[in-house]
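# A closer look at the structure
Single-letter residue listing:
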Amino acid sequence: MSVLICGGAGYIGSHNVRAFTAHGEDVIVIDNLATGHRASLPENIKFYEGDIRDGLILDKIFTENNIEAVIHFCAFSLVGESVEKPLKYFNNNVGGMISLLEAMQRNNVKRIIFSSTAATYGEPDKIPILETDPTRPTNPYGESKLIMEKMIHWAGLQHNIKYVALRYFNVAGAWHDGSIGEDHHPETHLVPLILQVPLGKRKSITVYGNDYNTPDGTCIRDYVHVEDLAKAHIQALEYLRNGGSSNIFNLGSGDGYSVMEMINAAREATGHEIPLEIGSRRAGDPARLVADSHKAHEVLGWVPEITDMKDIIASAWKWHKSHPEGYKD
């Protein structure tokens, strides 16, 4: 039996390919390479270049392989772009989920692990955030992911598809040997943006607002290492294999780090000064976003192992230092 990883050439997807393969799973990947990188995948992996909105290629994959479960990472994920181009996001993200669920139904595949997001919550009423808290997305990206969750729920009831939706908070870090890591164009994530300074790609890092109601005035976010995240997907699949019911889990460390704490940790991890500039607040940035992940601990047995921020950033630095141009290197 095989596991199909949709979007397996992306940042999070490629780390899951490594983790599932190391766990002894037979892995098959589909990716249209719109944002993913073929070079992030092992050379011997069975790879289909294609778009999951194409039902024909999905049927080909399901026919040629004995697929037990689907791990679904395919999505556009830039919040700002989603506001500017909402239809692009609904077409790709929601449309892809429709096509995938239809293909699963046609081919009698009954398990799916879905890459969801903390963006489904929007502005939280309280911190830390529980899975039962209100979901009020504030952008089309978060809205598309919430719609996708609901689609799996209703399709699951009708077609006996069991699912786990994993709502990630901020993902950071790279594979422990530095062979794969984060390479986005454009880059929007804080850790690689900070590391562009010691790489000589920018003179300073901009901190958007230092007057929030937090200890140092900068926004606080919850970070989880990408390898710990991959471990959660493996545990989610085992949970479904063992008869677990469809479920939703937060994935975060449960600890918040401010932007200033992240910059200071990067200074320690890299040995570089990393100058900063203070900019104005960005619209819609909450002061704090921190997960309550006790449910994942209790039900899946998931416990993140790489929790020291300096260690998380050091793993990312190992990748960026050896691949300053990303996968072009």
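Coordinates for the structure precede this section.
This section reports on the structure supplied with the text. (Residues numbered from 1 in each chain as written. Predicted model: local features only at pLDDT ≥ 70, side-chain atom pairs only at ≥ 80, totals over all residues. Heavy atoms only, no water.)

### Details of the pattern of salt bridges
Side chains that differ in sign of charge can pair as their charged atoms come close. As a reminder, the rule being used: When a carboxyl oxygen of Asp or Glu is within 4 Å of a side-chain nitrogen of Lys or Arg, the pair counts as a salt bridge. Buried means the residue's accessible area, taken with a 1.4 Å probe over protein chains only, is under 20% of the maximum for its type, while exposed means over 50%, and partly exposed covers the values in between.
Summed over all chains, the structure comprises 16 salt bridges. Across the pair K126 and D133 runs a salt bridge whose closest N-O atoms are separated by 3.2 Å. Residue class for D133 comes out buried when judged on its relative accessible area of 14%. Note that R282 and D285 form a salt bridge whose closest N and O atoms lie 3.0 Å from each other. The class of R282 is partly exposed, set by a relative accessible area of 45%. With a relative accessible area of 21%, D285 lands in the partly exposed category. Connected through shared salt-bridge partners, E25, E68, R111, E238 and R241 make up one network.

### Some words on empty space enclosed by the protein
Counted only if it meets this: Of the two site types, the cavity is a set of points on a 1 Å grid over the protein atoms alone where a 1.4 Å probe fits but cannot get out, and the pocket is an open set with protein on both sides within 12 Å along at least five of seven lines, each lined by residues with an atom within 4 Å of a point. Grid points are joined across faces, edges and corners, and a volume is the space filled by probe spheres set on the points. For this classification, Asp, Glu, Lys and Arg are treated as charged, while Ala, Val, Leu, Ile, Met, Phe, Trp, Tyr, Cys and Pro are nonpolar and the rest, including Gly, are polar.
Per the stated rule, a full pass over the model turns up one cavity of 30 Å³ or more. Each pocket or cavity is described by its volume, and for the largest cavity that value is around 40 Å³. Lining the largest cavity are A9, G10, Y11, S14, T35, G36, H37, S40, G181, D183, H184 and Y327. Residues of the lining of the largest cavity, tallied by class, amount to three nonpolar, eight polar and one charged.

### Here we look at helix 2 (residues 55–64)
The cut-off we apply is this: Here a strand is any run of E in DSSP of at least two residues, a helix any run of H or I of at least four, and the numbering for each starts at the N terminus. Taken from the helix axis, the directions to the C-beta atoms give the arc we talk about. Any two residues whose heavy atoms approach within 4.5 Å at even a single point are treated as in contact. Distance and chemistry together define a polar contact, namely a pair of N or O atoms within 3.5 Å, with one atom able to donate a hydrogen and the other to accept it when in protein, and with adjacent residues in sequence counting only for side-chain atoms on both sides.
For helix 2, the set of buried residues is I57, L58, I61 and F62. Around the axis of helix 2, the buried residues are gathered within 135 degrees of arc, so they sit on the same side. Summarising the geometry of helix 2, the exposed residues directed more than 90 degrees from the buried face are L56 and T63. Taken together, the buried residues of helix 2 touch strand 1 (2–6), strand 2 (26–31), strand 3 (46–49), strand 4 (67–72) and helix 4 (86–106). N-cap assignment for helix 2: the residue whose side-chain oxygen lies 3.0 Å from the backbone N of L56 is D54.

### A closer look at the sheet that holds strand 10 (residues 247–251)
Basically, it comes down to this: The rule for pairing is simple: two strands pair if DSSP sees at least two bridges between them. Every axis corresponds to a line fitted to the C-alpha atoms, with the helix fit spanning only the stretch in contact, and the corresponding angles, defined between N-to-C directions, vary from 0 to 180 degrees.
Pairing is parallel across the open sheet formed by seven strands, whose spatial order is 3-2-1-4-5-6-10. Since the sheet does not close on itself, it has two edges, and those belong to strand 3 and strand 10, each with one partner. Across the sheet, the mean angle from the axis of one strand to that of its neighbour is 20 degrees, orientation sign disregarded. Where strand 5 (residues 111–117) and strand 6 (residues 162–168) come together, seven bridges link them in parallel fashion. Bridging from a neighbouring strand, S115 pairs with L166 of strand 6.

### Some remarks on the environment of I306
Looking at the element boundaries, I306 is found in the loop between helix 9 (294–300) and helix 10 (309–322). Classification of I306 by relative accessible area gives partly exposed; the value is 27%. In this structure I306 touches H225, D228, D311 and I312, once residues within four positions along its chain are discounted.

### Comments concerning the packing of helix 4 against helix 5 (residues 140–159)
Which entries qualify depends on this criterion: These descriptions rest on fixed angle ranges, namely under 35 degrees for roughly parallel, over 145 for roughly antiparallel, 65 to 115 for roughly perpendicular, and the rest for oblique. Left-handed describes a crossing whose near helix is turned anticlockwise from the far helix through less than a right angle; right-handed describes the clockwise counterpart.
Two elements in contact, helix 4 and helix 5, have axes separated by 9 Å at closest approach and are oriented at 15 degrees. For the element pair helix 4 / helix 5, the angle class is roughly parallel. For the pair helix 4 and helix 5, the sense of crossing is right-handed. Facing P86, Y89, F90, N93, V94, M97, I98, L101 and Q105 of helix 4, the residues of helix 5 in contact are P140, Y141, E143, S144, I147, M148, M151, I152, A155 and H159. A breakdown of the residues in the contact of helix 4 with helix 5 according to their chemical character gives 14 nonpolar, four polar and one charged.

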